[in-house]
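Fold and contact review
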Amino acid sequence: MQGSSEESGKRFGVVIGGSGLVGGGIDYFFKKKMGYDILAPNSKKLSIRDPKDIESYFKSYRPDFIVNSAIASLDSDPKLSFEINYLGSINLAKVAASLKIPYIFISSAAVLPDGVNLREEEHLPLSASLGNYAKSKLMSELTLQHLKETEGLDYTIVRLGIVYGRHDHKIQGFHRMLFSVADQSMPLLFTKKGICHSYTNARKIPYFVRHIIDNRQEFGGATYHFIDPEPVALDRLILTIREILGLKRPRAIYMPLPVARFGARCIQHLLKLLVKFGIDARLPRELMFLSQFYQTQILSSQKLQNSSFVDPFPEQTVYRQLPELIEYYLTRWEQLNLISPFYNKEFFDPQHLAEEFLHNPDNLLADIHQKRIEPFCEFANDDSK
Ligand SMILES: NC(=O)c1ccc[n+]([C@@H]2O[C@H](COP(=O)([O-])OP(=O)(O)OC[C@H]3O[C@@H](n4cnc5c(N)ncnc54)[C@H](OP(=O)(O)O)[C@@H]3O)[C@@H](O)[C@H]2O)c1
């Protein structure tokens, strides 16, 4: 068959959502580090919203596993959320069941209530009042369990906390919070003292996904929380970012939830008014999770720790990663003109190359040609092999 591991002799997988933060890391790791054959079609090539797309795609390819990390935009309407997050996920699961291959479904802490030590068996009751995102994720989880019993589906659900890592080009979740601090658009703390959440290191996810694909006996038909063992206090995290950036805002004053809600509503009305003048602006999608900034939600990592998976980088936590993430995102946002040029040039451009490029290009070129500075990479010469 075209596109199978029998044909290439390599492990062959399909990663849906491979252009996103989570799927992108999985795609890169499997291709570059593991040498697998991976197809990661974007939503134009394969929209999981369209069952015919799925059918014709898997007529051409017979993978050894499917990973689904696709997700509709967080503020999608019920139709889009249902069709992409639920129907799309389950149609992919049905393909996996018919091909008798593992299906790895990336899920979210959004299916859980607030509280501490939340275990994998727990979830919110399915009800109309749930947001579209949480509802569609929860329904997918429940149908996957059902398909295991009725169609012998071999699945694993990986529930993530708040994900941090490079390459979030949509600036969502944790990275939106980082952006708000850097952008100085967060005047006060939108949380209560000591509110904690579980975080997930994006760099570690591909290692876990590989491990669960390789150990189906242990991980088949199960749900796992994939999170850092230590929860993180939101106020401390925001203030640490502020400290690293050397900023005065947000001030260490806690804005009460009703005031934050009122403020968000006022701005929403104002934005609606602006639309009438042809100005299109939106509130960050994350404001739909505003109440979660005021509630502790800590997932249990006991099941993960009792499993055969060994954390490849136990020392890497959100605090350890902060300097690297801040340097990466601020450089990127500056270059995209999303934030004003940053204050701490020593930190972000220690050689002042960008400044020289802007003001003294002739000096810069002379320094480069006379090898006073060497900003290039050295590429290995193949002839020497
Ligand atoms: N980021 C977090 O903090 C976080 C937290 C908890 C759980 N999660 C879970 O992690 C998973 C991945 O999230 P993410 O942050 O990586 O999301 P993301 O960066 O927004 O990426 C979403 C991906 O879904 C794809 N997609 C959207 N509509 C599609 C369609 N109709 N057909 C096929 N692909 C489609 C997008 O492809 P195109 O770009 O080609 O449209 C993109 O690759 C989701 O299941 C999410 O629930 C994330």
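Residues numbered from 1 in each chain as written. Predicted model: local features only at pLDDT ≥ 70, side-chain atom pairs only at ≥ 80, totals over all residues. Heavy atoms only, no water.

**Focus: the site of the ligand**
In the vicinity of the ligand, 26 residues are found, and the nearest of them are S19, V22, S43, Y133 and K137. With respect to the ligand, the side chain of Y133 contributes an N or O atom lying 2.6 Å from an oxygen atom. Measuring from an oxygen atom of the ligand, one finds a side-chain N or O atom of K170 at 3.0 Å. For the ligand, whose unbound accessible area comes to 900 Å², protein coverage reaches 86%. Ranked by the residues each element gives to the shell around the ligand, the list is headed by strand β4 (residues 103–108), at 3 residues. (Near = heavy atom within 4 Å. Polar contact = N/O pair within 3.5 Å; in protein donor to acceptor, adjacent residues only side chain to side chain. Areas by Shrake-Rupley, 256 points an atom, 1.4 Å probe, with all protein chains shown as cover. Helix = DSSP H or I, 4+ residues; strand = E, 2+ residues; numbered from the N terminus.)

**Let's talk about the nonpolar core**
Counting 29 residues, the largest nonpolar core has I16, F58, I66, Y103, L144 and L153 as the members making the most contacts within it. Contributing elements (two or more residues each) for this core: β1 (12–16), α3 (51–60), α4 (78–99), β4, α5 (132–151) and β6 (155–160). With 9 residues, α4 is the single largest residue contributor to this core. Residue contacts for I66: discarding those within four places in its chain leaves V14, I16, F58, L92, V95, A96, I101, P102, Y103 and I104. Among the nonpolar cores identified, the runner-up in size contains 28 residues, and F29, Y36, L160 and I205 belong to it. (Core = buried A, V, L, I, M, F, W, Y, C linked by side-chain atoms within 4.5 Å. Buried < 20%, exposed > 50% of the residue type's maximum accessible area, 1.4 Å probe, protein only. Contact = heavy atoms within 4.5 Å.)

**Topic: the pairing of β4**
Burial analysis of β4 places 6 of its 6 residues in the buried class, the great majority of the element. Neither face of β4 is left uncovered, since the one carrying Y103, F105 and S107 and the one carrying I104, I106 and S108 both have all their residues buried. Of the pairings in the sheet, the one linking strand β3 (residues 65–68) to β4 comprises 3 bridges and is parallel in character. When the sheet's bridge partners are listed, N68 is paired in β4 with F105. Crossover handedness for the path β3 to α4 to β4: right-handed. Note: β4 against β6, 6 bridges, orientation parallel. Of the residues in β6, the one forming a bridge with F105 is I157. (Pairing = 2+ DSSP bridges. Right-handed = clockwise from strand over helix to strand, strands pointing away.)

**Side note on the layout of surface pockets**
Considered as a void within the structure, the second largest pocket measures approximately 500 Å³ in volume. If you go around the second largest pocket, you meet 21 residues; those closest to its centre are G25, Y28, H167, A202 and R203. Elements represented by at least two residues in the lining of the second largest pocket include exactly α2 (21–33), α7 (205–214) and α12 (318–335). Sort the elements by how many residues they give to the lining of the second largest pocket and α2 lands first, with 6 residues. Each residue belonging to the lining of the second largest pocket can be placed in one class, and the counts come to 8 nonpolar, 9 polar and 4 charged. (1 Å grid on protein atoms, 1.4 Å probe; cavity = no way out; pocket = protein on both sides within 12 Å on 5 of 7 lines; lining within 4 Å. Points joined across faces, edges and corners; volume = space filled by probe spheres on them. Nonpolar A, V, L, I, M, F, W, Y, C, P; charged D, E, K, R; others polar.)

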